[in-house]
Structure formats: C-alpha cells, structure tokens
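Single-letter residue listing:
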Amino acid sequence: MSKFNLEFRIKVVTEYLAGTGSTSLAKKYGVSDDSVILGWIHRFERRGIESLKARPITSEYSSQFKADVLNWRKQNQASLPATALDFDLSSSSTIWQWERRFREAGIVGLERKRGNPKIMAKHKQRNRKAAKPQNSAEELKQLK
C-alpha cells in the first residue's frame, strides 16, 4: 500500500502549481523530503494524473526493455532521474541496479529474476513412523 493516496498527491501537486514551494509543502504535510514532491510534479507534468497513481511493486520488465533503457540513457547522456521519468519508472535506483548487473554479467544480468534462488539442502529421509508411536501401548513397547 502506498503511503500517500492519489487524492493527497493531487492536492499537493495543485498547491505546488498554485505557487507554494516544495519544501514548504513537505514540511506542511510531513513528507520526508521535498524531492518526493518534485518527483510527483515532474511525473504529473510529463504524463498527467494517471502518473500519480500508486504502482504495483511487482512490476517485471523484460531484458529487452532494460537494455533499451540503458541504451537510451547512454545515447542521450541522461541522468538517472531523467531516464526514469522518460520511461515512466517509479525509481531511478532501478536503472542504477540494471547498469550494475549489466556491467557485472552482461545481458544475462538483465535476465535475472527478483530475489535469490532458494537452494535447499538434501536431507536423508528418516523413518519417522518408527520414531513416533501411534498410541501409548506402542510407546510402552518401545520403551521396554
């Protein structure tokens, strides 16, 4: 769930466009940093009200899309925030992570799925039925 709902974001953007500064708005509404508000402003100016809606965190991007983003950034010598804004990505740090993975592993690094693969240790199967008696009579038998 998003910390700030759509109505709140629209209200803050409207006040900003009416002339109130981002720092003043951040203090007034308890937003941690005025850059959050400026991000809303830039997205609104670029893509309208739809861009202020909360986005699902589970967005998955294809390796081709990631490569296109990195190529565009390099060709245009754009900053991370400008690239994120142009491709409608929620965070510029996402692009930074893609760049790091590409440097380390090439195109394969961009194909990586979220999270780490789970490696489970193989344990020998034990005869658990023998260890757990069915009733108290069997338990007494095993104790004797």
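Placed above this text is the structure.
For clarity, every value in this text was computed on a predicted model and none was experimentally measured.

Engineer: Can you tell me about the packing of helix α1 (residues 6–17) against helix α3 (residues 34–47), naming the residues and giving the values?
Structural biologist: Remark: α1 packs on α3, axes separated minimally by 10 Å, with the N-to-C direction vectors making an angle of 85°. On the basis of their axis angle, the class for α1 and α3 is roughly perpendicular. On α3, the residues that touch Phe-8, Arg-9, Val-12, Val-13, Tyr-16 and Leu-17 of α1 are Ile-37, Leu-38, Trp-40, Ile-41, Arg-43, Phe-44 and Glu-45.

Engineer: For the nonpolar core, give the residues involved together with the corresponding values.
Structural biologist: Soluble globular proteins: nonpolar side chains tend toward being buried together. Core analysis: the biggest nonpolar cluster contains 11 residues, these being Phe-4, Phe-8, Val-12, Val-13, Leu-25, Ala-26, Val-31, Ile-37, Trp-40, Ile-41 and Leu-52. Of all the secondary structure elements, the ones that give two or more residues to this core are α1, α2 (22–29) and α3. Sequence-distant contacts of Leu-52, defined by excluding residues within four places in its chain, comprise Leu-6, Arg-9, Ile-10, Val-13, Trp-40, Arg-43 and Phe-44. Ala-67, Val-69, Ile-95 and Trp-98 belong to the second-largest nonpolar core, a separate cluster that totals eight residues.

Engineer: Give a detailed account of the side chain of Ser-22, specifying residues and quantitative values.
Structural biologist: Within the secondary structure, Ser-22 sits in helix α2. Looking at Ser-22, the relative accessible area reads 10%, which means it is buried.

Engineer: I'd love a proper account of a nonpolar patch on the surface, names of residues and values included.
Structural biologist: Taken together, the side chains of Phe-102, Ile-107 and Val-108 define a hydrophobic patch exposed on the protein surface, amounting to about 280 Å² of accessible area. Within the secondary structure, Phe-102 is located in helix α6 (residues 92–105).

Engineer: Please provide a residue-by-residue account of the packing of aromatic side chains, values included.
Structural biologist: To describe a pair of aromatic rings, one takes the distance between the centres and the angle between the planes. The final tally for this structure, using the stated rule, is nine aromatic pairs. Considering the side-chain rings of Trp-72 and Phe-87, the 5.5 Å spacing of their centres and the 85° angle between planes classify their relative orientation as edge-to-face. Of the two residues, Trp-72 sits in helix α4 (residues 63–76) while Phe-87 sits in the loop between α5 (80–86) and α6, which places them 15 residues apart along the sequence. By relative accessible area, Phe-87 is classed as partly exposed at 22%. What links up through ring pairs into an aromatic cluster is the set Tyr-61, Phe-65, Trp-72, Phe-87 and Trp-98.

Engineer: Give a description of the side chain of Thr-83 that names residues and reports values.
Structural biologist: Tracing the backbone shows Thr-83 in helix α5. We classify Thr-83 as buried; its relative accessible area is 0%.

What counts as what
- Positions within a chain are numbered from 1, following the residues in the order the chain's sequence is written.
- With pLDDT at 70 or above as the cut-off, local features in this predicted model cover only qualifying residues; side-chain atom pairs require 80 or more to be listed or tallied, and sums for whole chains, interfaces and linings still use all residues.
- Side-chain metrics rest on all non-hydrogen atoms present in the structure, leaving aside hydrogens and water.
- Between N-to-C directions, angles span 0 to 180 degrees; the directions come from axes that are lines fitted to C-alpha atoms, helices contributing only their stretch in contact.
- Helical segments are the DSSP runs of H or I of at least four residues, strand segments are the runs of E of at least two, and each set is numbered from the N terminus.
- Oblique is the label for every angle not falling under 35 degrees (roughly parallel), over 145 degrees (roughly antiparallel), or within 65 to 115 degrees (roughly perpendicular).
- Whether two residues touch is decided by their heavy atoms; if any such pair falls within 4.5 Å, the residues are in contact.
- In this description, a nonpolar core means a group of buried Ala, Val, Leu, Ile, Met, Phe, Trp, Tyr and Cys residues linked to one another through side-chain atoms lying within 4.5 Å.
- To sort residues, take the accessible area from a 1.4 Å probe on protein chains only and compare it with the maximum for the residue type: under 20% means buried, over 50% means exposed, and anything in between is partly exposed.
- Residues form patches when they are more than 30% accessible in relative terms and have no salt bridge. Like charges link within 9 Å. Nonpolar side chains (Val, Leu, Ile, Met, Phe, Trp, Tyr) link within 5 Å.
- With residues, only the protein chains shown are counted as cover, and all accessible areas are computed by Shrake-Rupley using a 1.4 Å probe.
- When a carboxyl oxygen of Asp or Glu is within 4 Å of a side-chain nitrogen of Lys or Arg, the pair counts as a salt bridge.
- Centre distance within 6.5 Å is the pairing criterion for rings of Phe, Tyr and Trp, where only the six-membered ring of Trp is used; planes under 30 degrees apart are then read as stacked, over 60 as edge-to-face, and the remainder as tilted.

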